[in-house]
Amino acid sequence: MTETNPRKRVVVAGGGTAGWLAATALVRQLGPLVDVTLVESDEIGTVGVGESTIPTIRTFHSFAGIEEDAFVRATGATFKLGISFENWRRDGDHYFHSFGSVGRSVFLADFQHFWLEARAQGFGGSFGDYSFELRAARENRFTNDPEAGLAYAYHLDATAYARFLRGLAEPAGVRRVEGRIAAVERDGEGGDITALTLASGARIEGDFFIDCTGFRALLIEGALETGFEDWSHWLPTDSALAVQTELVGPPAPYTRAIAHRAGWRWRIPLQHRMGNGFVFSSAQMSEDEARAQFAADLEGAPLFEPRLLRYTTGMRRQAWHRNCLALGLAAGFVEPLESTSIHLVMIAITRFIRGFPFARECAALADRFNAQSRAEWEHVRDFVILHYYLNQRDGTFWPGRAAMNIPDTLAARIALFRQSAAAYQDQDDLFRIDSWAQVLFGQGVEPASWHRIARTLPPEQLRRALADLDAGLAARVARLPTQAAFLGARYAPSPAAAAG
Ligand SMILES: Cc1cc2nc3c(=O)[nH]c(=O)nc-3n(C[C@H](O)[C@H](O)[C@H](O)COP(=O)(O)OP(=O)(O)OC[C@H]3O[C@@H](n4cnc5c(N)ncnc54)[C@H](O)[C@@H]3O)c2cc1C
């Protein structure tokens, strides 16, 4: 039957990053077509982490009409050009996964083939030397001037981000209800969700529900029992300590991910403080040991006691089930090694709005959504597993990672690169060829062969082409300000920015 009332009542359960992103985008994009109510509990609060992002955040911000300067000021954001991976292959080792492209590809062959040929002939430096973003990051330089052409994302304060989004969503028409969801009501016949009942007794009815209740997954799992696909046999870390510290120097324009004996730790610099985390496998390291190790490695003074978060890696079997869509941690979790969770929220919201369920019957829309969502999550999962799998570390944790049975999809990619230096990005894949190449090289893969197109060049031409690329990048980097100077000049100066 045709739907007569197009104004859909959408209820967003939860007001963390996922909830406020969904509410903001829905109201800004669909405006008069939806009534959006968001329920959140001050008493429960948010997860309070999730501070490193990837460049797709900028696409989403422009989609949702979020202005960069206001966002950076409100969230104390700094700019991110990539991730520095330290000790991943083995202790003392280091590589960088940068945004943007590496070198210059031609129709016949991607840049890594030319670089491999140069290296075989004894010149060319390192692969990363041909990334503008990496070279800027090495020198702590940054500008968002489009003329400079840096590909970038942000480090942001998660709590401030949710507050900032709320400040956009409420004036645009989102109704916020504070209170604890005590029960989820379902239609006795069809099984759809009909209303949320709060502890206060208030009832919030809706046509469609978005579960953003974090790890609790109150609607998608608590009420609908959708099921969870556990990936912890591939990604066995299950715990993270998180704490903020004072900044001890100017903020770097990149995230650091440093492997340790049972996981890794992160450093995410903001304008006003550092975000630190310590990810570990509880089967391999006790909480006490993790706390001691974490505290010993902190650079600045902690601003509070480190908080412990527990999780299971995996995804909800269906992110969209009946009249409920799960977003954020309610939809699943792949550890934050490549800063992909907020991206997965954003891409899901975008796709949901494009395929918005205006009619009551929406099973086919849900099927399509779930198929794409699964492909995205599995792609991210594979990329994260790659970092663990290709390690040469010793101890009790890492050799098991190197010996595990990895997903076939990932095994095929590694085999392809090992054999021929080829990598690819399918239509819905997040990670670019350069991303795969940087991590595969970084984790120590030596391709047995590569495309020989570079051998058809006259002698010296390859050498000159690479030297020109190198010199061009050096000149572009030299023109960039330091990130600290850029932040100080453009945004409210912070002590760290002033120090830089
Ligand atoms: C250790 C760790 C590190 C991470 N690092 C990154 C990163 O660097 N980059 C990245 O992109 N992502 C990262 N993430 C993921 C990121 O934090 C989340 O994707 C993002 O914050 C979204 O969280 P959320 O909104 O789904 O959940 P939450 O922030 O937990 O929000 C849940 C909301 O639901 C509400 N709620 C729950 N139960 C009830 C109830 N009964 N009644 C009413 N309200 C309720 C809460 O009050 C809250 O408002 C990380 C996650 C973890 C665990």
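Just so we're clear, the structure is a prediction, and the values are computed from it rather than from any experiment. (Residues numbered from 1 in each chain as written. Predicted model: local features only at pLDDT ≥ 70, side-chain atom pairs only at ≥ 80, totals over all residues. Heavy atoms only, no water.)

1. Let's talk about the overall build of the protein
Just so we agree on the cut-off: Put simply, DSSP marks the helices as runs of H or I at least four residues long and the strands as runs of E at least two long, and each gets a number from the N terminus on. Each radius of gyration reported is based on C-alpha atoms, and the globular scaling rule is 2.2 Å times the count of residues to the power 0.38. Each residue's exposure class comes from its accessible area (1.4 Å probe, protein chains only) as a fraction of the maximum for that residue type: buried when under 20%, exposed when over 50%, partly exposed otherwise. Any two residues having at least one pair of non-hydrogen atoms within 4.5 Å are treated as being in contact. Neither His nor the chain ends contribute to the count of charged residues, in which Lys and Arg are positive and Asp and Glu negative. By convention, the point assigned to a charge is CZ for Arg, NZ for Lys, CD for Glu and CG for Asp.
On a plain count of helices and strands, the protein comes out with 16 helices and 21 strands. Computed over C-alpha atoms, the radius of gyration of the protein comes to 23 Å, within 12% of the 23 Å expected from 2.2 N^0.38 for 500 residues, which places it in the range of a compact globule. When each of the 500 residues of the protein is scored for burial, the buried share is 57%. Within the protein, contacts between residues at least 6 apart in sequence are counted, and of these 77% link residues at least 24 apart. Put simply, the protein has 51 plus and 58 minus side-chain charges, and the middle of one group is 3 Å from the middle of the other.

2. Overview of the site of the ligand
Applied cut-off: Proximity is defined per residue: if any heavy atom of the residue lies within 4 Å of a molecule or strand, that residue is considered near it. Within 3.5 Å is the distance limit for a polar contact, defined as a pair of N or O atoms, with the added protein rule that one can donate a hydrogen and the other accept it, and that residues adjacent in sequence qualify only through two side-chain atoms. The accessible surface values rely on the Shrake-Rupley method and a 1.4 Å probe; as for residues, cover is taken only from the protein chains in view. These domain limits were set by an automatic method or by a database of domain assignments.
Around the ligand lies a shell of 34 residues, among which Gly-15, Ser-52, Ile-181, Leu-329 and Ile-342 are the nearest. Gly-15 is positioned with one of its backbone polar atoms (N or O) 2.8 Å from an oxygen atom of the ligand. Gly-16 is positioned such that a nitrogen or oxygen atom in its backbone is 3.4 Å from an oxygen atom of the ligand. Burial of the ligand by the surrounding chains reaches 97%, relative to a free accessible area of 1,000 Å². Counting only elements with at least two residues in the shell around the ligand, the list comes to α1 (17-30) and α9 (341-354). Both domains that furnish three or more residues to the shell around the ligand are identified here as domain 1 (8-51 + 157-229 + 313-377) and domain 2 (239-310).

3. Section: the confidence of the model for the protein
Filter applied, for reference: A residue's pLDDT is simply how confident the predictor is in it, with values from 0 to 100.
For the protein, per-residue confidence averages 95 on the pLDDT scale, and 97% of positions sit at 70 or higher. Contacts from residues 494-500, a stretch scored under 50 in pLDDT, to residues over four places away or in other chains number 13 contacts.

4. As for the layout of surface pockets
Our working definition: Residues are called lining when one of their atoms sits within 4 Å of a cavity or pocket point, these points coming from a 1 Å grid over the protein atoms alone, where a cavity is a set in which a 1.4 Å probe fits but cannot get out and a pocket is an open set with protein on both sides within 12 Å along at least five of seven lines. Grid points are joined across faces, edges and corners, and a volume is the space filled by probe spheres set on the points. Side-chain classes follow a simple rule in which Ala, Val, Leu, Ile, Met, Phe, Trp, Tyr, Cys and Pro form the nonpolar group, Asp, Glu, Lys and Arg form the charged group, and the remainder, Gly included, forms the polar group.
Counted as a void, the second largest pocket has a volume near 490 Å³. If you go around the second largest pocket, you meet 25 residues; those closest to its centre are Asp-192, Asn-323, Arg-360, Glu-361 and Cys-362. Sorting the residues of the lining of the second largest pocket by element identifies β1 (8-13), β9 (193-198), β19 (320-321) and α10 (363-389) as the ones contributing at least two each. The element contributing the most residues to the lining of the second largest pocket is α10, with 3 residues. Counted by class, the lining of the second largest pocket contains 8 nonpolar, 6 polar and 11 charged residues.

5. Describing empty space enclosed by the protein
For the coordinates displayed, the defined rule picks out 4 cavities of 30 Å³ or more. Forming the boundary of the largest cavity are 17 residues, of which Gly-328, Ala-331, Leu-344, Val-345 and Trp-377 lie nearest the centre. Every element with two or more residues in the lining of the largest cavity is listed here: β20 (324-326), α9 and α10. The biggest single contributor to the lining of the largest cavity is α9, with 5 residues. Its residues placed into classes, the lining of the largest cavity shows 12 nonpolar, 4 polar and 1 charged.

6. Some words on helix α13 (residues 433-442)
Extensive coverage of α13 is indicated by the burial of 9 of its 10 residues. Considered for burial, the residues of α13 that qualify are Asp-434, Ser-435, Trp-436, Ala-437, Gln-438, Val-439, Leu-440, Phe-441 and Gly-442. Contacts from the buried residues of α13 go to β5 (94-98), α4 (111-120), α5 (132-138), α10 and α12 (408-420).

7. A few points about the nonpolar core
So the rule is basically this: Take the buried residues of types Ala, Val, Leu, Ile, Met, Phe, Trp, Tyr and Cys, join any two whose side-chain atoms come within 4.5 Å, and each joined set is a nonpolar core.
Of all hydrophobic cores here, the largest spans 152 residues; its most connected members are Trp-88 and Tyr-388. Examining the composition of this core, we find that 10 residues originate from one element, α10, more than from any other. Structurally, this core is a two-domain feature, drawing no fewer than three residues from each of domain 1 (8-51 + 157-229 + 313-377) and domain 2 (239-310). Residues within four places of Tyr-388 in sequence aside, it is in contact with Trp-88, Leu-235, Thr-237, Trp-264, Glu-335, Leu-337, Phe-397, Trp-398, Arg-401, Ala-402 and Met-404.

8. Points about α9
Three or four residues apart is the spacing at which side chains of an α-helix point the same way, because the helix has 3.6 residues per turn. Stated precisely, the cut-off is as follows: A helix is expected to reach a length of 1.5 Å times the quantity of its residues less one.
With 14 residues, α9 extends 20 Å between its outermost C-alpha atoms, agreeing within 8% with the 20 Å of an ideal straight helix rising 1.5 Å per residue. Counting buried residues in α9 gives 10 out of 14 residues, a clear majority hidden from the surface. All of the buried residues in α9 are Ile-342, His-343, Leu-344, Val-345, Met-346, Ala-348, Ile-349, Arg-351, Phe-352 and Ile-353.

9. Focus: the sheet that holds strand β8 (residues 181-186)
Applicable threshold: Two strands pair under a simple rule: DSSP has to find at least two bridges between them. Orientation is described by lines fitted to C-alpha atoms, with helices fitted over the stretch in contact, and by angles between N-to-C directions that extend from 0 to 180 degrees.
With antiparallel pairing, 3 strands are arranged side by side in an open sheet as β8-β9-β10. One side of each edge strand has no neighbouring strand; the edge strands of this open sheet are β8 and β10 (203-205). Each strand of the sheet is rotated relative to its neighbour by a mean of 20°, with strand direction disregarded. Summarising the sheet, β9 and β10 pair through 3 bridges and their orientation is antiparallel. Looking across to β10, one finds that Thr-197 is bridged to Arg-203.

10. What to know about unusual backbone geometry
A positive phi angle, close to 55°, is found at Ser-339, a residue other than glycine. Secondary-structure assignment places Ser-339 in the loop between β21 (332-333) and α9. Even without a glycine there, the phi angle at Ala-421 is positive, about 65°. Checked against the element boundaries, Ala-421 lands in the loop between α12 and α13. By relative accessible area, which is 0% here, Ala-421 ends up buried.

11. Examining the sheet that holds β1
The 6 strands lie next to each other as β7-β2-β1-β11-β20-β19, forming an open sheet whose pairing is mixed. Single-partner strands in this sheet number two, and they are β7 (175-178) and β19. The pairing of strand β11 (residues 208-211) with β20 spans 3 bridges and is classified as parallel. Paired with Ile-210 across the bridge in β20 is Leu-325.

12. A word on the pattern of salt bridges
Rules: Here a salt bridge means any side-chain nitrogen of Lys or Arg lying within 4 Å of a carboxyl oxygen belonging to Asp or Glu.
Tallied over the entire structure, the rule returns 33 salt bridges. A salt bridge links Arg-455 to Glu-117, with the nearest nitrogen and oxygen atoms 3.0 Å apart. You can see Arg-455 sitting in the loop between α13 and α14 (461-478) and its partner Glu-117 sitting in helix α4, a full 338 residues away along the chain. Overall, Glu-117 belongs to the buried group, its relative accessible area being 2%. Taken together, the shared-partner salt bridges in this structure form one network comprising Arg-9, Glu-185, Arg-203, Glu-205 and Asp-207.

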